[in-house]
Structures are given as structure tokens and as C-alpha cells.
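Residue-level structural notes
One-letter residues, chain by chain:
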Amino acid sequence: MPQMPVTTPPGFALEESGEKTRLRLTGDWTVMTIHALDDALSGLRTDHPLLVDIGGLGRIDTAGAFLIDRTLRDAPQGSDITGDHIVARHLLAQVHAVSDPAPPARTPDRGFTALLERTGRGFMGVMSEIFATLAFLGETLVTTIRLLMNPWKLRWTSIVSVMEEAGLDAMPIIAFLSFFVGMVVAYIGATTLRDFDLEIYTVELIGYSMLREFGVVLTGIVLAGRTNSSFTAQIGTMKMRQEIDAMQTLGLKPMDILVAPRIIALLLMTPALTFVATMAGIAGGVMVGWTSLDINPGVFLDRLRTAVPLQHFWVGLSKAPVFGFVVTLIACRQGLNVGGSVQSLGNSTTTSVVQGLFAVIVLDAIFAILYMELGI
């Protein structure tokens, strides 16, 4: 049978020497023994700095180290530790680090100078985020083009899987939303145009709005909310579990494995989703025209074909790959920025969705201005 180690009762002795008081510690200072010294050390008072000699200590744990650290904190300024005891010094350093009092709460400054400081910090934060996003954009473009030029290096299984998850699985909700948006636009147009006895022009309203704007914008918004959060959470969870570090240890590049397949999959699927959204929106307009405006579906579609040029369809479809690329770029970057905590994952996911929605709206405005200047 193994023998239990013999426990030496803890003790201390005070020695006055000049301008310092030496406190010699002896015995085992562990959680099982220090209760007898707690009151005695709490009542210890000295006018001179205290020099705690730990050279005579036996065994010590964090409870004993906490008691010694508390004694030093209560002692006059200039108190210190002396003596050789590696374990005791290590534990005292750890206990002292976690026992440091929290700094006092800073009183918020609400003056004009503080306003300028917050504005400057916010502006520099935005500029830093833009710069980091542009750097990630360049790396993503280089990686994607390199893989497209070497198709045998593409991970087609991952690409097809993402196409199904982010494309086919999102198709029902995109079609559902677009159908009802088309109905809402048709109702609003019919209500407004009825005052001028021009309900038939609801067909043109549906055609222009769904072909040029609503189809692709709704697709981008759904991707920004649904796919962005999914991609960021997936990559962020891998970052938290150190799976990405394991990839790099094995010589695999996260840009090739995680980012490029998602970029390629969304570049392929976003135009298809936009087409479905556009057709669903037009179907919603046809439904309103048939039930509320007495416009036969055949007449509706024939007027749509003759009154709305086909170029508007290509204008809307041309935005789709850009929206898909930017949304995926933001999602992957925020996923790779996740730290080691769950809070970091939540913050990155929220940032990813907000930036994705913002990017879709801003890009659509830029496209609208560009096409207007080009006369398209």
C-alpha cells in the first residue's frame, strides 16, 4: 500500500531587522492546513515593509499561495518575497495575476472632444475594414483564377455540395418571397394606375421591376441572410476547433479548401436563383392581373413580351454573379476572422449578415447609376 505523505503543520515567525520585518514561513501551506493561520495572518500588523521568506516552506497549493498573497497586499508598501522555492514563486505569480483588482470604471466623456475622438475611431475602423476586405478580395481572386486554370485541382465534391446547400435548398424560399413581392407590386401599381384608367400598364410595371431590380435584389438579400450566416458559422466553427490549423499543418490551403469552392458554387447558382426569383415575381403579377384586373394570363404574357425589351432581363441577370461573389467573399472572410470564443463566432456572424445586406444594396445602387449613364 502506498504511504500517504507526512503533513507538516504550517507556521510563521516574525523577526524585526532594521527597517524591514522578516516573516519566515515553515511547514505545508495547503488547503487542508492553512485554516489555522487565517485569523492570525489577518490580524498581522507591522509598520515596516514585510519581507516574506518562503525558503522554509514545504508543500504549497493555490490556497496557501492566496493566503501569502493576501498578507503581502495588506502589508506596507515595499513588501517583497525572498527565499528559494520554485513552486511557491510560480503559484504566487499566478495568484497575484488573477487577484489584481479591476481598474475603476472610466467615466464616459460626453464632450465635443470625445465626440471627435469617437468619430475618428469609427472612421479609422471603417477604413481598416475596407482595406482588409480588399486584401482578401485580391487573395480570393488569385486563388479562384489559379484553380479555374487548373480544373483537376478543383474539389468538385465540395462545389456540388455547396451548390445544393446554398442554391437548390434556397430556391423555394426565394421563389416564395418573389411571388408575393410580385403580387404586392402589382396591387400597388393597379391601385395607383386605376385612378388614371391605366390598369393595363401594371404589366410593364411588373416587367421592369422584376426583370431589372426585384428578382436579383431579393436573391441577394436572401443569400446575405441565409447563406452568409451559414458560411460564416461553418468556417468559424472550424477555426474555433483548430481544424483550419490542422489543414495548414497537413500542407492544405484554407483558401483552396474552404473559400474557392464556395465562391465558384455561388457564381454558378446565383444567376439560376435570380432567374427563378424573376419568374416567380412575374407569376405573382400574373395572378393579380388575372384575379383583380381581369387581365388574361395569355394577354399579360403577350404584352410583357412586346412591351418590355429582353435587355432588361439581361441587365438584372448581369448583377447576379457580382452579388453572389461579394456575399460569399464577406461570409468567408468573417468566418476566417473568428477567434476562440463563442462570442466571437456570434459577432462575426452578425457582422457578416449586416455587411452582406449593405453590400447588396450599395452594389445595386452603383449598377443602377452605371446603367443609367450607359443608357441601358
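Please refer to the structure higher up on the page.
Residues numbered from 1 in each chain as written. Predicted model: local features only at pLDDT ≥ 70, side-chain atom pairs only at ≥ 80, totals over all residues. Heavy atoms only, no water.

Quick notes on the pattern of salt bridges
Note that side chains of opposite charge can pair when their charged atoms are close. If you walk through the whole model with that rule in mind, you get nine salt bridges. A salt bridge links Asp-28 to Arg-59, with the nearest nitrogen and oxygen atoms 3.5 Å apart. Here Arg-59 lies in strand S4 (residues 57-60) and Asp-28 lies in strand S2 (residues 20-29), a separation of 31 residues in the sequence. According to the relative accessible area criterion, Arg-59 is partly exposed, its value standing at 37%. A salt bridge links Lys-319 to Glu-213, with the nearest nitrogen and oxygen atoms 3.1 Å apart. Taken together, the residues span a long stretch of sequence, with Lys-319 in helix H11 (residues 311-336) and Glu-213 in helix H7 (residues 202-240) at a distance of 106 residues. Each of the salt bridges in this network shares a partner with another, and the network as a whole consists of Glu-213, Lys-319 and Asp-364. (Salt bridge = Lys/Arg side-chain N within 4 Å of Asp/Glu carboxyl O. Helix = DSSP H or I, 4+ residues; strand = E, 2+ residues; numbered from the N terminus. Buried < 20%, exposed > 50% of the residue type's maximum accessible area, 1.4 Å probe, protein only.)

Examining the packing of H7 against helix H12 (residues 342-374)
Packing of H7 against H12 leaves a shortest axis separation of 9 Å and a crossing angle of 155 degrees. The angle between H7 and H12 falls in the class roughly antiparallel. Crossing handedness for the pair H7 and H12: right-handed. Residues belonging to the contact of H7 with H12 are distributed by class as follows: twelve nonpolar, eleven polar and three charged. (Axes fitted to C-alpha atoms, helices over the stretch in contact; angles between N-to-C directions. Parallel < 35°, antiparallel > 145°, perpendicular 65-115°, else oblique. Left-handed = near helix turned anticlockwise from the far one by under 90°. Nonpolar A, V, L, I, M, F, W, Y, C, P; charged D, E, K, R; others polar.)

Considerations on the packing of helix H5 (residues 156-168) against helix H9 (residues 254-292)
It is the contact of H5 with H9, at a shortest axis distance of 8 Å, that shows an interaxial angle of 40 degrees. By the angle between their directions, the pair H5 and H9 is classed as oblique. When the axes of H5 and H9 are compared, the crossing they make is right-handed. Touching Ser-158, Ile-159, Val-162, Met-163, Ala-166, Gly-167 and Leu-168 of H5 are Pro-261, Arg-262, Ile-264, Ala-265, Leu-266, Leu-268, Met-269 and Leu-273, all from H9. Of the residues in the contact of H5 with H9, the class split is twelve nonpolar, two polar and one charged. (Contact = heavy atoms within 4.5 Å.)

Observations regarding the nonpolar core
Counting 45 residues, the largest nonpolar core has Phe-136, Leu-258, Val-259 and Leu-336 as the members making the most contacts within it. For this core, the secondary-structure elements that each account for two or more residues are helix H4 (112-149), H5, H7, helix H8 (243-249), H9, H11 and H12. Apart from residues lying up to four places away in sequence, Val-259 is in contact with Phe-136, Thr-140, Pro-254, Cys-332 and Leu-336. (Core = buried A, V, L, I, M, F, W, Y, C linked by side-chain atoms within 4.5 Å.)

Remember that the coordinates give geometry; whether it matters functionally is a separate question.
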